[in-house]
Amino acid sequence: MAVDNKQIAQDVLAAVGGAANVTSATHCMTRLRLNLKDQSVPNDDEVKKIKGVLGAQWSGGQYQIIIGQNVPKVYAEALKLGIPGEGAIDENLDPGMKQPLTPKTIGMAILNYVSKSMVQIIPIMMAAAFCRTVAMVCGPNMLNIWATDSDLYNLFNTWLFNAGFYFLPISLGWACARQLGASPQLGMLMGGVLIMPEFVSAVAAATEAGVDTISIYGLPAAANNYSSTVLPIVLCMPVLWQIEKFLKRVIPDMLATVFVPFLTLLIMVPIALVVLAPIGGFLGDLVGAAMFNMGASGGIMGILATIIIAACWEFLVMTGMHQLLITLCIAQLANVGFDSVVCVGGNIASWAAWGMGLGAFLRLKEKDARSMNLGFFISGIIGGVTEPVLYGCGFKYPRAFAGMVIGGAIGGAICAVLGVSIYTLGASNFLNLIGFVGGDNSGMSLTVGIIGSVVALLSSAAITYFFGFKKEDLEEDRRLAAENK
């Protein structure tokens, strides 16, 4: 049954006090976000009952109504009804609000800075990693189209892959600067300092001579290679941002174009190479070693961690806490080129969430409910968005979450026990299967990844079908189905 976006807009505005109570409105990928004059008007339970609404909540002073991927059309209809609109915003990028400094707000600010900076470079990593995936598929371990010494194999496996990952400090310098409000050009320049050929050569010479440090301004700096690293530039950029802001305040405008970037770089070089980059390199090594050891050799801790992540990942998505794990995953892929725990669990969890929507579609009889859950399944497996099924199915029928959790755990266990890894931070839809291609045994890894994903989807759908609904839910569904015949 077709979705009536105009009716949804009318019902939503009526529930929040009319267009006159809306001071401004925006939307992201799935949510209509309203700023209200009188915040006491909306009743969450009543709003959630509106046909076409999946959920509602307050966040950052906004009233966010979860609608799904048709939210731009609902937003357009709401504009016609007289609300002031401010256009679309990126998913989860809520308008900033000044908040008191507490350990919680500081922690959230750090998490937002790191995760949102890294999200900006995901397309770079996806493109570069997909080139290596093509090389693995066409190479001798799978289709055997290209020999390992062929020009095409080396182009895709080495040149194009390294173009994305080797220069990560430069890409991240740009992304971090954008997130903070610093100059993106200076961010790229700072990233370039960390991997400039002369610095890399000096580090290699020191290592060969058995020396642990090199000299920067006469100060000892750790002889580290920062190519393909994440945390060193992430630590450097907030300091560069503050230095740049200070210099912009004290240097006259007629001199700022030259002297602000020059002095910023002059001050940052010793701070970065002597203090911050070595700390970032050390922390990155710790994270990489911990995640590698957790997933190595199918150890019991790695298996349990993968199962837990696959079972619980989507609950983290609903709270935004998954961003921390994505950050660790990106660091792991940058450092060693694969991940056997976090990325695997996250991929499997998506298939289990889609299975919940499929199971609900097969179980329910009422046309609107069936149509909606089929839409959740399709928007997930094709569009890569799990929010609609989480709010529209899981929150409406809480027992259905059991299917998602158990299905995710079963699929995660298959992948963990058989020891597969993710090599590409790929798409969030069914194409996430491509991430299993890589390493020396690509065929086996992809096969197990597909099996684990499909098992997660089907077991989640089956459990949702048989156990995901209370007796009262099914009776109400049958009553509505009979009325709509």
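Provided above is the structure to which this section pertains.
Quick summary incoming for the structure in this document. Worth saying up front: this structure is predicted, and the values here are computed from it rather than measured. Residue indices begin from 1 for each chain and proceed along its sequence in written order. Only residues with pLDDT of at least 70 are given local features in this predicted model, and only at 80 or more are side-chain atom pairs given and counted; all residues enter the totals for whole chains, interfaces and linings. Note that water and hydrogens are dropped before the side-chain values are worked out from all heavy atoms of the structure.

1. A look at the overall build of the protein
Counting from the N terminus, the helices are DSSP H or I runs at least four residues long and the strands are E runs at least two residues long. Of the regular secondary structure elements, the protein holds 19 helices and seven strands. A compact globule built from 485 residues should have a C-alpha radius of gyration of about 23 Å, and the protein, at 25 Å, falls within 12% of that. For the protein, the C-alpha atoms occupy an extent of roughly 85 × 60 × 40 Å along the three principal directions. Only protein chains enter the calculation, and the probe is 1.4 Å; a residue is then buried if its accessible area is under 20% of its type maximum, exposed if over 50%, and partly exposed in between. Here the protein, with 485 residues, has 48% of them falling under the buried criterion. The contacts of the protein with a sequence gap of at least 6 include a subset with a gap of at least 24, amounting to 71%. C-alpha atoms define the radius of gyration in this analysis, and the globule rule sets the expected value at 2.2 Å times the number of residues to the power 0.38. Only heavy atoms enter the contact rule, under which two residues are in contact if any of them lie within 4.5 Å.

2. Topic: the packing of aromatic side chains
Side-chain rings of Phe, Tyr and Trp, where Trp is taken by its six-membered ring, are said to pair if the distance between their centres is within 6.5 Å; with planes under 30 degrees apart they count as stacked, over 60 as edge-to-face, and otherwise as tilted. If you walk through the whole model with that rule in mind, you get 12 aromatic pairs. Where Trp-146 meets Phe-156, the ring centres are 5.3 Å apart and the plane angle is 35°; that geometry is what we call tilted. Of this pair, Trp-146 sits in the loop between helix H5 (122-138) and helix H6 (151-165) while Phe-156 sits in helix H6, and the two are 10 residues apart along the sequence. Residue Trp-146 is classed as buried on the basis of its relative accessible area, which comes to 14%. Taken together, a centroid distance of 6.2 Å and an interplanar angle of 45° make the contact between Phe-338 and Tyr-423 tilted. Of the two residues, Phe-338 is situated in the loop between helix H13 (322-336) and helix H14 (342-363) and Tyr-423 in the loop between helix H17 (400-417) and helix H18 (442-467); the sequence distance between them amounts to 85 residues. Every member of this aromatic cluster is reached through a ring pair, and the members are Phe-315, Phe-395 and Phe-401.

3. So, helix H3 (residues 71-80)
Within H3 the residues assigned to the buried category are Val-71, Val-74, Tyr-75, Glu-77 and Ala-78. End-on, the buried residues of H3 take up no more than an arc of 160°, which puts them together on one face. With respect to the buried face of H3, the exposed residues turned more than 90 degrees away are Lys-73 and Lys-80. In the core, the buried residues of H3 are packed alongside helix H1 (5-15), strand E1 (22-27), strand E2 (31-36) and strand E5 (85-88). Just downstream of H3, Gly-82 is the residue with a positive phi angle, here 105°. In this description, the arc belongs to the directions extending from the helix axis to the C-beta atoms.

4. Concerning a nonpolar patch on the surface
A patch consists of residues whose relative accessible area exceeds 30% and which take part in no salt bridge; residues with like charges are grouped when within 9 Å of each other, and nonpolar side chains (Val, Leu, Ile, Met, Phe, Trp, Tyr) when within 5 Å. Every accessible area reported is derived by Shrake-Rupley at a probe size of 1.4 Å, with residue values counting cover from the shown protein chains alone. For salt bridges, the criterion is a side-chain nitrogen of Lys or Arg within 4 Å of an Asp or Glu carboxyl oxygen. Residues Tyr-217, Leu-219, Met-254, Leu-255, Val-258, Phe-259, Phe-262, Leu-266 and Ile-267 make up a contiguous nonpolar surface patch of about 900 Å² in total accessible area. In terms of residue count, the dominant contributor to the nonpolar patch is helix H11 (residues 253-295) (seven residues). Tracing the chain through its elements places Tyr-217 in the loop between strand E6 (213-216) and strand E7 (219-222). For Tyr-217, a relative accessible area of 52% translates into the label exposed.

5. Focus: the pairing of E2
Of all six residues in E2, five are buried, a share of seventy percent or more. The loop that links E1 with its antiparallel partner E2 comprises three residues. In this scheme, strands are said to pair when DSSP sees at least two bridges between them. Relative to strand E4 (residues 62-66), E2 runs antiparallel, the two being bridged by four bridges. Counterpart to Arg-31 in the pairing with E4 is Ile-66.

6. Digging into the sheet that holds E1
Here five strands make up an open sheet; going across it, the order is E3-E4-E2-E1-E5 and the pairing mixed. Each edge of the open sheet carries a strand with a single partner, namely strand E3 (55-59) and E5. The sheet shows a mean angle of 20° between the axes of neighbouring strands, direction not considered. One ladder, built from five bridges, connects E1 with E2; its direction is antiparallel. Along E2, the bridge assignment pairs His-27 with Leu-32. Fitted lines through C-alpha atoms serve as axes, helices being fitted only where they are in contact, and the angles separating the N-to-C directions of these axes extend from 0 to 180 degrees. On top of the sheet, H3 reaches E1, E2 and E5; it is set at about 155° to E1, its chief contact.

7. Digging into the pattern of salt bridges
Counted according to the given criterion, the structure contains five salt bridges. Residue Asp-368 is joined to Lys-51 by a salt bridge in which the shortest nitrogen-to-oxygen separation is 2.4 Å. Of the two residues, Asp-368 is situated in helix H15 (residues 367-381) and Lys-51 in the loop between helix H2 (44-48) and E3; the sequence distance between them amounts to 317 residues.

8. Details of the environment of Ile-410
With respect to the secondary-structure elements, Ile-410 resides in helix H17. Residue classification places Ile-410 among the partly exposed positions, given a relative accessible area of 35%. Considering only alpha carbons, one finds Ile-410 and Leu-431, 21 residues apart in sequence, at a separation of 20 Å. Apart from residues no more than four positions distant in its own chain, Ile-410 is found in contact with Val-455 and Ser-459.

9. Structural notes on unusual backbone geometry
The backbone of Asn-144 sits at a positive phi, close to 60°, despite the residue not being glycine. Locating Asn-144 in the fold gives a position in the loop between H5 and H6. Assessed through its relative accessible area of 52%, Asn-144 is described here as exposed.

10. Considering the packing of helix H8 (residues 184-195) against helix H10 (residues 231-250)
Interaxial distance between H8 and H10 falls to 10 Å at its minimum, and their mutual angle equals 135°. Considering the angle they form, H8 stands oblique to H10. Along this stretch, H8 crosses H10, giving a crossing that reads as right-handed. Along its contact with H8, which presents Leu-186, Gly-187, Met-190, Gly-191 and Leu-194, the element H10 presents Pro-232, Ile-233, Met-237, Leu-240 and Glu-244. In this count, Pro and Cys sit with the nonpolar residues alongside Ala, Val, Leu, Ile, Met, Phe, Trp and Tyr, while Asp, Glu, Lys and Arg are called charged and the others, Gly among them, polar. When its residues are assigned to classes, the contact of H8 with H10 shows seven nonpolar, two polar and one charged. Here the angle decides the label: under 35 degrees means roughly parallel, over 145 means roughly antiparallel, 65 to 115 means roughly perpendicular, and every other value means oblique. The handedness criterion is simple: a crossing whose near helix is rotated anticlockwise from the far helix by less than a right angle is left-handed, and one whose near helix is rotated clockwise is right-handed.

11. Here's the deal with the nonpolar core
Among the buried residues, those of types Ala, Val, Leu, Ile, Met, Phe, Trp, Tyr and Cys that are joined through side-chain atoms within 4.5 Å form a nonpolar core. Val-230, Val-234 and Met-237 are the most contacted members of the largest nonpolar core, which totals 100 residues. Among the elements that make up this core, the one with the highest residue count is H14 (13 residues). If we ignore the near neighbours within four places in the chain, the residues touching Val-234 are Tyr-113, Val-114, Met-118, Leu-172 and Cys-176. One finds Leu-13, Leu-36, Ile-65 and Ala-78 within the second-largest nonpolar core, a separate group that totals 22 residues.

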